[in-house]
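# Remarks on the overall topology
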Amino acid sequence: MGKIYLIAEIGQAHEGSLGLAHSYIDALATTGVNAVKFQVHIAEAESSIYEPFRTEFSCEDKTRMDYWKRMQFSKEQWASLRRHCDEKKLDFIASPFSIMAIELLESIDTRKYKIGSGEMDNFLMLDKITGLKKPVILSSGMSSISELDHTINHLKNRNLDLSLLQCTSSYPAEPHQWGLNVMGLFKERYKIPVGFSSHSGDIYACLAAASLGAELLEFHVVFDQKMFGPDSSSSIPVCKVKNLVHGIRKIEAALNNPVDKNSLTEAESMKAIFGKSLAVNRDLPQGHVISINDLESKKPAGYGISAKNYQDIIGKRLNKDLSQWDFITVNDLV
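Calculation rules
Residues numbered from 1 in each chain as written. Predicted model: local features only at pLDDT ≥ 70, side-chain atom pairs only at ≥ 80, totals over all residues. Heavy atoms only, no water. UniProt positions renumbered as here; feature names shortened; annotations may be inferred. Helix = DSSP H or I, 4+ residues; strand = E, 2+ residues; numbered from the N terminus. Core = buried A, V, L, I, M, F, W, Y, C linked by side-chain atoms within 4.5 Å. Buried < 20%, exposed > 50% of the residue type's maximum accessible area, 1.4 Å probe, protein only. Contact = heavy atoms within 4.5 Å. Domains from an automatic or database assignment. Polar contact = N/O pair within 3.5 Å; in protein donor to acceptor, adjacent residues only side chain to side chain. Pairing = 2+ DSSP bridges. Right-handed = clockwise from strand over helix to strand, strands pointing away. Axes fitted to C-alpha atoms, helices over the stretch in contact; angles between N-to-C directions. Parallel < 35°, antiparallel > 145°, perpendicular 65-115°, else oblique. Left-handed = near helix turned anticlockwise from the far one by under 90°. Salt bridge = Lys/Arg side-chain N within 4 Å of Asp/Glu carboxyl O. Phe/Tyr/Trp six-rings, centres within 6.5 Å; stacked < 30°, edge-to-face > 60°. Lys NZ or Arg CZ within 6 Å of the ring centre and 35° of its normal.

As annotated in an unreviewed UniProt entry, the protein chain is N-acetylneuraminate synthase from Dyadobacter sediminis.

Dropping the structure here:
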C-alpha cells in the first residue's frame, strides 16, 4: 500500500473573501495534508435564477445565483491562490462547475481536477477535462452503480490518471450513511485507485476509511463549525486536521507492516518476563500429594514447571519440603 493522499477541501469556506482563502492555505500547510481543494464557480456560466437553495442557510444572498457570484474570484486572484499553494508545498486542486471555469483553471496552470458528484453525467464537462490528460478524481455521491459504470467506461480507455471516491451527498453524513463497504466494491469493479470523501463533520469517517484501505481521502475543512456557510457543519475544524493526519499516518504504517503471528521472535523475551511458573501457595511437607488447591502461578517463566502443564503434576508426591511461594520443578517430585 502506498502513501494515502490527503485532500483538505476548502470549497466555499472562504465565503468569497480572498484573504480568508489565503488564511486557509497558511493554516493547512502546517497540518501534513498533501493538497487543498477549491471550488471554482462562475455564476452566469454555471447557474440560473431558477436554481433553488440546497439548504436555507443564507441571510446575505437573496438567490442561489447571488451566492455563486459572491463565491467568485478573478483569474488573477485564483492565480495568487495557486502560487500560494506552490509556496507552501501543497497541491492545488479545483472542482470546476462550468466549461468557463475549466478554461479559467487552465489559464493558471491547474494540474489536477476533481469532478463533483453532481457532474458525473455532465459529459460536456467530463470530455473537456479528460481531454487535458491531467489527473482526475471522481466523486460518486449522487451516482448509482449503473451511472458510475456508464461514466467510468466512457473515460477508462483515455489513458487517464483516474481515481474514484466513495461519497455520500448528505450534510453532515451520519455513520450509517458513510458507505465504507462501497470502497471495496469500487476497487474490485473498476480497478482504479479508490478513496473516500467525508461530509461527516468529524475525524472518524476518514480514520475508518484509512483502515479499510482508502488510497486517497478528502474532507471539508472550516475554521469553526459555527461559521456561516452551507458546509460548515459537515466540515472538520482546522484545529483537528493535524490530529486526523497523524492518525491516518499511523494507520497507514500499520497497514504497510503486517504482523506474522507465526513468527513472534520479538515476543520471546517478553514471554519470559510475563510467563508464569508453578509455585506452592503454602508450606508443604515431603510426601505431600499435590492438588490444584496447593498451586499458584508466578512470574517469571522458566523457574518452575510451566503453568500450562499444571495438570501433569496433580497427584504427584513431593520428595522434599517446600516453603510457601517456592517454585516447583520436576526434581521436586516423585
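### Some remarks on the UniProt feature "domain: AFP-like" (unreviewed entry) in the protein chain
The UniProt record annotates "domain: AFP-like" (unreviewed entry) at residues 277–334. As annotated, residues 277–334 comprises 0% helix and 14% strand, and the C-alpha atoms at either end are separated by 19 Å.

### Quick word on the nonpolar core
In terms of nonpolar packing, the biggest core is built from 69 residues, with Leu138 and Leu217 touching the most fellow members. When residues in this core are grouped by element, the largest group, 6 residues, is from helix α10 (residues 238–255). In this structure Leu217 touches Ile4, Tyr5, Leu6, Ile7, Phe196, Cys206, Ala209, Ala210 and Ile248, once residues within four positions along its chain are discounted.

### Looking at the environment of Ser233
Within the fold, Ser233 resides in the loop between β8 (216–222) and β9 (236–237). Put simply, Ser233 and His220 are 13 residues apart on the chain and 9.7 Å apart in space, counted from C-alpha to C-alpha. The residues contacting Ser233, other than those within four sequence positions of it, are Pro172, Gly201 and Gln225.

### Some thoughts on the domain arrangement of the protein chain
One widely used convention gives an interface's size as the accessible area the parts lose upon coming together. As assigned here, the protein chain comprises domain 1 (5–256) and domain 2 (267–332). Between the C-alpha centres of domain 1 and domain 2 there is a distance of 64 Å.

### Some remarks on the side chain of Glu15
Mapping Glu15 onto the fold places it in the loop between β1 (5–11) and α1 (18–28). There is a polar contact of 2.7 Å between the side chain of Glu15 and the side chain of Arg70. Setting aside residues up to four positions removed in sequence, Glu15 forms contacts with Tyr67, Arg70, Met71, Phe228 and Gly229.

### Quick word on the pairing of strand β6 (residues 162–167)
Counted residue by residue, β6 has 6 buried out of 6 residues, so it is predominantly covered. Of the pairings in the sheet, the one linking strand β5 (residues 136–139) to β6 comprises 4 bridges and is parallel in character. Bridging from a neighbouring strand, Leu138 pairs with Leu164 of β6. In this fold, the crossover linking β5 to β6 by way of helix α7 (residues 145–155) has right-handed handedness. Pairing of β6 with strand β7 (residues 194–198) involves 4 bridges; the strand directions are parallel. Among the inter-strand pairings, Leu164 is bridged to a residue of β7, identified as Val194. Regarding topology, helix α8 (residues 181–190) serves as the crossover connection from β6 to the parallel β7, and that connection is right-handed.

### Details of the environment of Ser139
Along the chain, Ser139 turns up in strand β5. For Ser139 and Ser198, which are 59 residues apart along the polypeptide, the C-alpha to C-alpha distance reads 11 Å. Those residues in contact with Ser139 that lie beyond four places of it in its chain are Lys114, Ile115, Gly116, Ser117, Met120, Leu165 and Cys167.

### A look at the packing of α1 against helix α4 (residues 75–87)
The contact between α1 and α4 brings their axes to 10 Å, and the two run at 15 degrees. The orientation of α1 with respect to α4, classified from their angle, is roughly parallel. Crossing angle aside, the handedness with which α1 passes α4 is right-handed. Counted together, Leu18, Ala21, His22, Ile25 and Asp26 of α1 and Gln77, Ser80, Leu81, His84 and Cys85 of α4 form the full contact between these two elements.

### A few points about the pattern of salt bridges
Tallied over the entire structure, the rule returns 17 salt bridges. For Glu218, the salt bridge identified is with Lys114, shortest N-O distance 2.9 Å. Highlighted residues: Glu218 in strand β8 and Lys114 in strand β4 (residues 113–115), separated in sequence by 104 residues. No difference in accessibility class separates Glu218 from Lys114, as the two residues are buried. A single network of salt bridges, built from pairs that share partners, joins Arg82, Asp86, Asp109 and Arg111.

### Considering the pairing of strand β10 (residues 277–280)
Burial along β10 is two-sided: the residues Ser277 and Ala279 and Leu278 and Val280 are all buried. Across 4 bridges, the pairing between β10 and strand β11 (residues 295–298) is antiparallel. If you follow Leu278 over to β11, its bridge partner there is Ser297.

### Brief notes about the packing of aromatic side chains
This structure, assessed with the given rule, holds 8 aromatic pairs. Each ring, one from Phe73 and one from Trp78, has its centre 5.2 Å from the other, and the planes form 75 degrees; the classification is edge-to-face. Just as Phe73 is buried, Trp78 falls in that class too. Just above the ring of Phe327 sits the side chain of Lys298; from NZ or CZ to the centre is 5.4 Å.

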